[in-house]
Amino acid sequence: MPSRGRPKLLRANRVSYSYGSHPVLQEVDVQIPTGGLIGILGQNGSGKTTLLKLLAGLLKPSEGSVTLDDMDLAGFNRPKLARRLAVVPQETEIPFDYTVLELALMGRYPHLHPFELEGPTDFKIARQMLAATGTDHLEQRVYRTLSGGEKQRVVIASALTQFAETPTGPNTGLTQVLLLDEPTSSLDLCFQLTTSKLLTELNLSQNTTIVLCTHDLNFAAGLCRDLVVLREGEVIAAGPTDTVLTPETIRAAYGVIADVHCRSTSSHPTVVPISSQ
Amino acid sequence: MTPTRIVINPPTEIGGTVPTGDNLHRRGLRLRLILGVFAIAACVIAPLIGPTAISLGEVFDPTIPFVQNVDAQIFFIARLPRALAGALVGGALAASGVVLQALLRNPLATPFTLGVSAGSSLGAMLVITFGVSLDNNSVEAVPIASFVGALAALAIVYALATMRRQGMSTLVLLLAGVTLNSLFSAVILFVQFLAEPTQALQTLRWTMGSLDIGNYQPLLWSLPPLAVAFVIFAQLPRALNLLTLGAESAATRGINVLNTQRMAFLGASLATGAAVSLGGPIGFVGIIIPHLVRLLIGADHRLVLPNSTYLGAAFVVICDVGARTLLSPMELPVGVITALLGGPFFLWLLVRQK
């Protein structure tokens, strides 16, 4: 992926991973620049989620390494990593009745000493992030009772509260990475657009680095600046969205014949699937 | 319809109605105080109730020497050990329930879900049935055997859950626990079938749970494992909040998941094992108390864990008073009382929502 002269924040260096004897990723190189907004595409089973978990430090690569600012993820202590890297899973089901505010505050735990309770600053940050995701009116609701779209946004808010050192936002000088697994899978059309807009704004205003994997090519096309396309655990294409998202790549990745239009009504390419091979 | 602008400058006003960290602390502290006093009061009042009425004034009357003070003797020698045992057992079982429910991410888990009740019963039964030759001292051997049985069951479950992959599979924990419970129960039934009727009855009595410990000695034995367990529990609550989000979400919020799971498992094992060796497998305490506390104060484990401990202690002490007095002079097994109260409550919980 072209670096465009920006520092490489998060990189996977020739990373391989296998579940038992079944290889999922093979020698994958991915370089995610500071402030990047990157989509990982590929078929079911192509290794998208595994790559995302490796980038999050949730899995240890069988070969190769994942580094954040040239430091191996394995070398970070967990709270320190959590203050810079947050993950929004595909779904978060919680069997206990936490309120939305309690859940958002859990993002503050990496900032607290072992027996410290959340202070006014933490509450301020949590409320600010709920407001940023349009869920501040839900703060006393029980998370379990929310709709899928509301849950997704509350979890994003909870992830964002991990970053801020102070209520005015990141001040560490270090940028932060938000990883999202299929962020739109449970969202209706309107929330997909809202989420897309939220992530763009985060990326632009806070310089938050965003990496997401998705099945929705048009969502990726509208949001991501760069794409990484996986097939059977290998990178088959990587680079700026408009050069990667071509009928040839889609055919190679999904075995699907598709048209890619550049319409004047939207600034990004639009994918129209025609038939499977 | 939804504002999505990232607010870089903080919103200035902050709602005053919602608990802040200090409020959380105060709210938790107040309930903890109330329930703590409640538990202590239960321990002091419980020994006053019984076939021989005694008065608290008499018990603590400094003018009567202890050897002549019958009330004080009944209070301290005959009845207080039993009340204290109830408090330890109740607190340990309720706390273990909270910890295991978070560990298994299952609000219906109990301290006995992982095979503890059947494991400890098997241990107790083996000593009751075969161990009479042990210096004729089976009174002390039974608690030890039940403690060992409980820990053995947990060790098997733990080994199975950590065998297959990196980390701990809570699904395997749950399924292995349920399976072990049935398996051990079958062994118990088999041996019971062949055993002398008196021994079979003794085992049956043991599994009903009883706090009739006789003197302070069993309490002292149970203190070391309980102390270790509660030192562990004191570190856990915040990490338990995160564990209930799922292992991966917990890891990305800055905790070492496997370590936390191990500590939770170890603490719950020691506490449950000690409780069972003191009072037998007394059911339902570990589930109704955490749920009651959650209804009172919400799901945050920093509030649920300590408050459940105190309420659990008070609950078992009070149930035991019922066990001693309801059909006096006959004594009911305390496990029957907690189950008669707990069973319907549990069923109500199941159908209450969703």
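Here the structure is shown first, and the text comes after it.
Residues numbered from 1 in each chain as written. Chains lettered and ligands numbered in written order. Predicted model: local features only at pLDDT ≥ 70, side-chain atom pairs only at ≥ 80, totals over all residues. Heavy atoms only, no water.

1. A few points about the overall build of chain A
Check the secondary structure of chain A and you find nine helices and 12 strands. Here chain A has a C-alpha radius of gyration of 19 Å; the compact-globule value for 277 residues is 19 Å, and the two agree. Taken along its principal axes, the extent of the C-alpha atoms in chain A is 55 × 40 × 40 Å. Taken over 277 residues, chain A has a buried fraction of 57%. A fraction of 65% describes how many contacts in chain A between residues 6 or more apart in sequence connect residues 24 or more apart. In the structure as shown, chain A presents an accessible area of about 10,900 Å², 51% of it carried by carbon and sulfur atoms. (Helix = DSSP H or I, 4+ residues; strand = E, 2+ residues; numbered from the N terminus. Rg over C-alpha atoms; globule rule 2.2 N^0.38 Å. Buried < 20%, exposed > 50% of the residue type's maximum accessible area, 1.4 Å probe, protein only. Contact = heavy atoms within 4.5 Å. Areas by Shrake-Rupley, 256 points an atom, 1.4 Å probe, with all protein chains shown as cover.)

2. Concerning the environment of Arg-144 of chain A
Residues and elements named next belong to chain A. Along the polypeptide, Arg-144 turns up in the loop between α4 (120–132) and α5 (148–160). Overall, the relative accessible area of 25% leaves Arg-144 in the partly exposed class. In sequence terms Arg-144 and Pro-95 are 49 residues apart; their C-alpha atoms lie 7.6 Å from each other. Separated by 2.7 Å, the side chains of Arg-144 and Asp-97 make a polar contact. (Polar contact = N/O pair within 3.5 Å; in protein donor to acceptor, adjacent residues only side chain to side chain.)

3. Here's the deal with the pairing of strand β3 (residues 37–42) of chain A
Each regular strand displays side chains that alternate between the two surfaces of the sheet. All names here are of chain A. Taken across its six residues, β3 has six buried, putting it largely inside the fold. Here β3 shows a buried face lined by Leu-37, Gly-39 and Leu-41 and a second buried face lined by Ile-38, Ile-40 and Gly-42. As paired strands, β3 and strand β8 (residues 209–213) are joined by four bridges and run parallel to one another. Pairing of Gly-39 across the sheet is with Leu-212, part of β8. In terms of strand pairing, β3 meets strand β9 (residues 226–231) through five bridges, oriented parallel. (Pairing = 2+ DSSP bridges.)

4. Notes on helix α8 (residues 217–235) of chain B
Residues and elements named next belong to chain B. Between its first and last C-alpha atoms α8 spans 29 Å; for 19 residues at 1.5 Å apiece the expected length is 27 Å, and the two agree. At Leu-223, α8 shows its maximal bend, which comes to roughly 35°, and the proline Pro-224 appears one to four places after that position. What α8 keeps buried is the set Pro-218, Leu-219, Ser-222, Pro-225, Leu-226, Ala-229, Ile-232 and Phe-233. (Expected span 1.5 Å × (residues − 1). Bend = angle between axes of the 7 residues up to and from the residue.)

5. Looking at the sheet that holds β8 of chain A
Residues and elements named next belong to chain A. Across the sheet, six strands lie side by side as β6-β7-β8-β3-β9-β10; this open sheet has mixed pairing. Looking at the sheet topology across the chains shown, the edges are occupied by β6 (85–88) and β10 (234–240). Within the sheet, the average angular offset between the axes of one strand and its neighbour, ignoring direction, is 15°. Note: β9 against β10, six bridges, orientation antiparallel. Bridged to Asp-226 within β10 is Pro-240. Packing of helix α1 (residues 48–55) onto the sheet brings it into contact with β3, β6, β7 (177–181), β8 and β9, and relative to β3 it is tilted by some 145°. Here α5 sits on the sheet and contacts β6 and β7; the angle it forms with β6, its principal contact strand, is near 170°. (Axes fitted to C-alpha atoms, helices over the stretch in contact; angles between N-to-C directions.)

6. As for the pattern of salt bridges
A full pass over the atoms with the stated rule returns 12 salt bridges over all chains. Between Glu-27 of chain A and Arg-14 of chain A there is a salt bridge whose closest N-O contact spans 2.8 Å. Taken as a pair, Glu-27 of chain A in strand β2 (residues 22–33) and Arg-14 of chain A in strand β1 (residues 8–19) lie far apart in primary sequence, 13 residues in all. What makes Arg-14 of chain A partly exposed here is its relative accessible area of 48%. Sharing partners across several salt bridges, the network here consists of Arg-82, Asp-212, Asp-320 and Glu-331 of chain B. (Salt bridge = Lys/Arg side-chain N within 4 Å of Asp/Glu carboxyl O.)

7. Considering a nonpolar patch on the surface
Residue and element names in this part refer to chain B. A surface patch of nonpolar side chains, amounting to about 520 Å² of accessible area, comprises Ile-40, Val-44, Ile-45, Ile-49, Leu-56 and Phe-60. Sorting elements by how many residues they give to the nonpolar patch places helix α1 (residues 21–45) first, with three residues. By secondary structure assignment, the location of Phe-60 is in the loop between α2 (56–59) and α3 (70–103). (Patch = residues over 30% accessible without salt bridge, like charges linked within 9 Å, V, L, I, M, F, W, Y side chains within 5 Å.)

8. Points about the nonpolar core
In this structure, Leu-55, Leu-178 and Leu-179 of chain A together with Leu-173 of chain B are the most contacted members of the largest nonpolar core, which totals 172 residues. The dominant element in this core, judged by the number of residues it contributes, is α3 of chain B, at 11 residues. Leaving out residues up to four positions away in the same chain, Leu-178 of chain A has contacts with Ala-86, Val-88, Ala-159, Leu-160, Phe-163, Leu-199, Leu-202, Thr-208, Thr-209, Ile-210 and Val-211 of chain A. (Core = buried A, V, L, I, M, F, W, Y, C linked by side-chain atoms within 4.5 Å.)

9. Observations concerning the packing of aromatic side chains
Counted according to the given criterion, the structure contains eight aromatic pairs over all chains. Clustering of aromatic rings is evident, with ring pairs tying together Phe-60, Phe-66, Phe-75 and Phe-76 of chain B. The positively charged end of Arg-238 of chain B is found above the aromatic ring belonging to Tyr-109 of chain A, 5.5 Å away from the centroid. (Phe/Tyr/Trp six-rings, centres within 6.5 Å; stacked < 30°, edge-to-face > 60°. Lys NZ or Arg CZ within 6 Å of the ring centre and 35° of its normal.)

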